[in-house]
Amino acid sequence: MLTRAKYMGEGSIGEILKSIRLAKGLTLKQLGEKTGITPSAISKYEGGKRKPTMEAFFKLLEALGADLYIMHD
C-alpha cells in the first residue's frame, strides 16, 4: 500500500497516476480493463497531453485504490 504523504504536492496529476500505477505493477492495458478507459487515453493523461474528465479521474483513482485529498491554504 502506498502512503498518501508520498504523493502530496508532488508532480502533475498524470505523473502521480503513473507513479501509483507502476507501484501497483499494472500495465496501461490492465488499468484500462479495470476502468473501461483506453490505454491510449491513460497514456495521454500520464504524459500530460490530455487531462482526464472528472469521471475518468475518479475511475482511475478507484481502480488504483488511491484516495484524493485536496489541500489549500
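Conventions and cut-offs
- Residues numbered from 1 in each chain as written.
- Predicted model: local features only at pLDDT ≥ 70, side-chain atom pairs only at ≥ 80, totals over all residues.
- Heavy atoms only, no water.
- Helix = DSSP H or I, 4+ residues; strand = E, 2+ residues; numbered from the N terminus.
- Polar contact = N/O pair within 3.5 Å; in protein donor to acceptor, adjacent residues only side chain to side chain.
- Buried < 20%, exposed > 50% of the residue type's maximum accessible area, 1.4 Å probe, protein only.
- Arc of directions from axis to C-beta.
- Contact = heavy atoms within 4.5 Å.
- Patch = residues over 30% accessible without salt bridge, like charges linked within 9 Å, V, L, I, M, F, W, Y side chains within 5 Å.
- Areas by Shrake-Rupley, 256 points an atom, 1.4 Å probe, with all protein chains shown as cover.
- Salt bridge = Lys/Arg side-chain N within 4 Å of Asp/Glu carboxyl O.

S.K.: Any chance you could break down the side chain of Glu-46 for me, citing the residues and the numbers?
M.R.: With respect to the element layout, Glu-46 can be found in helix H3 (residues 39–46). Polar contacts involving the side chain of Glu-46 include one to the side chain of Arg-21, which spans 2.7 Å.

S.K.: Can you tell me about helix H2 (residues 28–35), naming the residues and giving the values?
M.R.: Inspection of H2 places Leu-31, Gly-32 and Thr-35 among the buried residues, and these make up the whole buried set. Down the axis of H2, the buried side of the element spans an arc of 105 degrees, and every buried residue falls inside it. In H2, those exposed residues whose orientation departs by more than 90 degrees from the buried face are Lys-29, Glu-33 and Lys-34. Against the buried residues of H2 lie helix H1 (13–23), H3 and helix H4 (54–64).

S.K.: An account of a nonpolar patch on the surface is needed here, citing residue identities and associated values.
M.R.: There is a patch of nonpolar side chains on the surface, built from Met-54, Phe-58 and Leu-68 and spanning about 290 Å² of accessible area. With respect to the element layout, Phe-58 can be found in helix H4.

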